[in-house]
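# Geometric and topological summary
Below, each chain spelled out in residue letters.
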Amino acid sequence: MATPTCWIGVAAAAHVRVGRQQGFVMFAHGKHSAVKRLQPGDAFAYYSPTETLGGKDAVRRFTAIGTIAEGAPGPSAVMGATEAWMRRAHYLDAQEADIYLLLPQLDFVSDPAHWGMYFRKSLFSVSAADFSRIAAAMSVGQTSISETSQ
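Residues numbered from 1 in each chain as written. Predicted model: local features only at pLDDT ≥ 70, side-chain atom pairs only at ≥ 80, totals over all residues. Heavy atoms only, no water.

## Looking at the side chain of Thr50
Here is the rule we go by: Helix and strand assignments come from DSSP, with helices taken as H or I runs of at least 4 residues and strands as E runs of at least 2, each series counted from the N terminus. Each residue is placed in one exposure class: buried if its accessible area under a 1.4 Å probe, protein chains only, is under 20% of its type's maximum, exposed if it is over 50%, and partly exposed if it falls in between. Residues adjacent in sequence count toward polar contacts only when both atoms are side-chain atoms; beyond that, a polar contact is any pair of N or O atoms within 3.5 Å, and within protein one must be able to donate a hydrogen and the other to accept it. Whether two residues are in contact is decided by their heavy atoms, any of which lying within 4.5 Å being enough.
Within the secondary structure, Thr50 is located in strand 3 (residues 43-50). For Thr50, a relative accessible area of 15% corresponds to the buried category. There is a polar contact of 2.7 Å between the side chain of Thr50 and the backbone oxygen of Thr52. Apart from residues lying up to four places away in sequence, Thr50 is in contact with Ala12, Ala13, Gly55, Asp57, Ala58 and Val59.

Dropping the structure here:
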């Protein structure tokens, strides 16, 4: 079995809550190419820059964390999306984590003055070390993440 990949998805907090409540993940406004990159057992964390899509209501926190469930991507009509794709997911109980407290610890942020540029993509992979830092800040241990992927 391949080593799970660790991902960060970027989505409005309101959208993350819907996914958490219904047990799915969706990235890049439901693009199939995005969810197809993730595999069962992969770990993910959502970063929410705002409360609502395109809003000025800043959140700037990691708002959810979990693992991708077994199964292939499937079509979804949630949140009014047409031709959107999602994957089933296992979410963990977690605390939201402020991005500003984590920035100095994240290796993928090589230029702290322009940290927001790293989160302009809707989905990107990060090292296991950076993911562990995010999980710890969200009060989730790496053991909890490993357990949900089994």
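After that view, the rundown keeps rolling.
## Some thoughts on the nonpolar core
The test is simple: What we call a nonpolar core is a set of buried Ala, Val, Leu, Ile, Met, Phe, Trp, Tyr and Cys residues that are connected through their side-chain atoms within 4.5 Å.
One finds Ile8, Phe62 and Phe119 to be the most contacted residues of the largest nonpolar core, which totals 25 residues. Those elements that provide at least two residues to this core are strand 1 (6-10), strand 3, strand 4 (58-68), helix 3 (99-102), strand 8 (123-126) and helix 4 (128-137). Ignoring anything within four residues of it in the chain, the contact list for Phe119 reads Ile8, Val10, Tyr47, Phe62, Ile99, Phe108 and Phe124. Membership of the second largest hydrophobic core comes to 16 residues, among which are Phe27, Val35, Tyr46 and Ala64.

## As for the pairing of strand 6 (residues 84-91)
Quick note on the threshold: The criterion for strand pairing is that DSSP finds at least two bridges linking the strands in question.
Here two bridges tie strand 2 (residues 24-25) to strand 6, and the two strands are oriented antiparallel to one another. Each residue of the ladder has a partner; that of Val25, found in strand 6, is Arg87. Pairing geometry for strand 4 and strand 6, over three bridges, is antiparallel. Bridge pairing in strand 6 places Thr67 opposite His90.

## Describing helix 4
For clarity, the threshold we go by: The directions considered for the arc run from the helix axis to the C-beta atoms.
Within the sequence span of helix 4, burial applies to Asp130, Phe131, Ile134 and Ala135. Looking straight down helix 4, one finds its buried side chains confined to an arc of 140°; they lie on one side. Among the residues trailing helix 4, Ser139 stands out with phi positive, at a value near 65°.

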